[in-house]
Amino acid sequence: RSHFIARLEARLEQSNPNREHSLLLVDVDNFKRVNDSLGHRIGDQLLVGLARRLRSALGTGALIARIASNEFAVLLEGMDAVAADSLARDTLVALDPPLYVEGHPTLISCSIGLTTARPHETDPQTLIKHAGLALHRAKATGGHQVQVFTEALIAEASNKLFVQNNLRRALEQNELLVHYQPK
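How each quantity is defined
Residues numbered from 1 in each chain as written. Predicted model: local features only at pLDDT ≥ 70, side-chain atom pairs only at ≥ 80, totals over all residues. Heavy atoms only, no water. Pairing = 2+ DSSP bridges. Helix = DSSP H or I, 4+ residues; strand = E, 2+ residues; numbered from the N terminus. Axes fitted to C-alpha atoms, helices over the stretch in contact; angles between N-to-C directions. Polar contact = N/O pair within 3.5 Å; in protein donor to acceptor, adjacent residues only side chain to side chain. Contact = heavy atoms within 4.5 Å. Parallel < 35°, antiparallel > 145°, perpendicular 65-115°, else oblique. Nonpolar A, V, L, I, M, F, W, Y, C, P; charged D, E, K, R; others polar. Buried < 20%, exposed > 50% of the residue type's maximum accessible area, 1.4 Å probe, protein only. Core = buried A, V, L, I, M, F, W, Y, C linked by side-chain atoms within 4.5 Å.

A.B. asks: Just to check I follow, could you spell out the sheet that holds strand 1 (residues 21-28) for this structure?
C.D. replies: For sheets, the rule is that strands pair by backbone hydrogen bonds, running either parallel or antiparallel. Spatially, 2-3-1-6-7 is the arrangement adopted by the 5 strands of the open sheet, whose pairing is mixed. The open sheet terminates on both sides in strands that have one partner only, identified here as strand 2 (63-68) and strand 7 (146-148). With direction set aside, neighbouring strand axes in the sheet form an average angle of 20°. The pairing of strand 1 with strand 3 (residues 71-76) spans 6 bridges and is antiparallel. Within strand 3, the position partnered with Leu23 by the bridge is Leu75.

A.B. asks: Help me understand the side chain of His21 in this model?
C.D. replies: Its location among the elements puts His21 in strand 1. Here the side chain of His21 touches Gly78 through a polar contact of 2.8 Å, landing on its backbone nitrogen. If near-sequence neighbours (up to four positions away) are discounted, His21 is found in contact with Leu12, Ser15, Asn16, Leu75, Leu76, Glu77, Gly78, Met79, Thr115, Thr116 and Ala117.

A.B. asks: Just checking my understanding: could you explain unusual backbone geometry for this structure?
C.D. replies: Most peptide bonds are trans, and most residues other than glycine sit at a negative phi. Here the phi dihedral of His144 falls at roughly 55°; this positive angle occurs in a residue that is not glycine. Along the chain, His144 turns up in the loop between helix 5 (124-140) and strand 7. For Asn174, which is not a glycine, the phi torsion comes out positive at approximately 55°. Mapped onto the secondary structure, Asn174 falls in the segment after helix 6 (151-172).

A.B. asks: I would appreciate a short explanation of the packing of helix 1 (residues 2-14) against helix 5 in the present structure.
C.D. replies: Geometry of a packed helix pair, given as the angle between the helix axes and the separation of the axes. Between helix 1 and helix 5, whose axes approach to 9 Å, the crossing angle comes to 115°. It follows that helix 1 is roughly perpendicular to helix 5 by the angle criterion. Residue-level inspection shows Phe4, Ile5, Leu8, Glu9 and Leu12 of helix 1 in contact with helix 5, the latter providing Pro124, Gln125, Leu127 and Ile128. For the contact of helix 1 with helix 5, the class distribution of residues is 7 nonpolar, 1 polar and 1 charged.

A.B. asks: Which parts of the structure should I look at to understand the side chain of Asp29?
C.D. replies: In this structure, Asp29 sits in the loop between strand 1 and helix 2 (31-38). Exposure remark for Asp29: the relative accessible area of 10% places this residue in the buried category. Here His144 takes part through its backbone nitrogen, which lies 2.9 Å from a polar atom of the side chain of Asp29. Setting aside its immediate chain neighbours within four residues, Asp29 contacts Ser109, Cys110, Ser111, Lys139, Gly143 and His144.

A.B. asks: Looking at this model, I keep getting lost on the nonpolar core. Mind explaining?
C.D. replies: In a soluble, globular protein the nonpolar side chains are often hidden away together inside. Leu24, Val26, Leu50, Leu58 and Leu76 are the most contacted members of the largest nonpolar core, which has 27 residues in total. Within the residue set of this core, elements represented by two or more residues are strand 1, helix 2, helix 3 (40-58), strand 3, helix 4 (81-94), strand 4 (99-101) and strand 6 (110-117). Tallying contributions element by element places helix 3 first for this core, with 6 residues. Look past the residues within four positions of Val26 in its chain and what remains in contact with it is Leu54, Asn70, Glu71, Phe72, Leu95, Cys110, Ser111 and Ile112. Counting 16 residues, the second largest nonpolar core, distinct from the first, contains Leu23, Leu25, Ile67 and Leu135.

Shape descriptors only; they carry no functional weight alone.
Following this line, the structure appears as structure tokens:
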């Protein structure tokens, strides 16, 4: 992850300041179920197969890295939001066929979060955060889809954190009271 962030930062700083760049976060839906039912060895082999498919679908120009247990980050240099969205949707289709592990077909689905850096944006952490918010939205709404980052996702995440913190505080200070209503 830190190596990808360093390379992402370097590429963003060295690139043409008038070009947009897109970042994808690709995550395997329900990957814990794969590891729990088939074992970590099979899960690892599935990730290797998925990485190969990503490379094939995205081409050699994309910077691809595994940044978490079942999450890949992809930098699409010089690609605007419309082109990146189209490529992300094509990639999702390319990842659909079963992966064969030890001769057995295994179906997996993926979710993709997408954000686009406007010209002069060079902060990799912000890009990853925005793509992560989009990815979480894609997974929360059923998975197996591409979600594009919008500013509304930041407000939604902030609101959820605000409510969660206030509920926790209310519980700790015994500020909640239950009223039952007859039906």
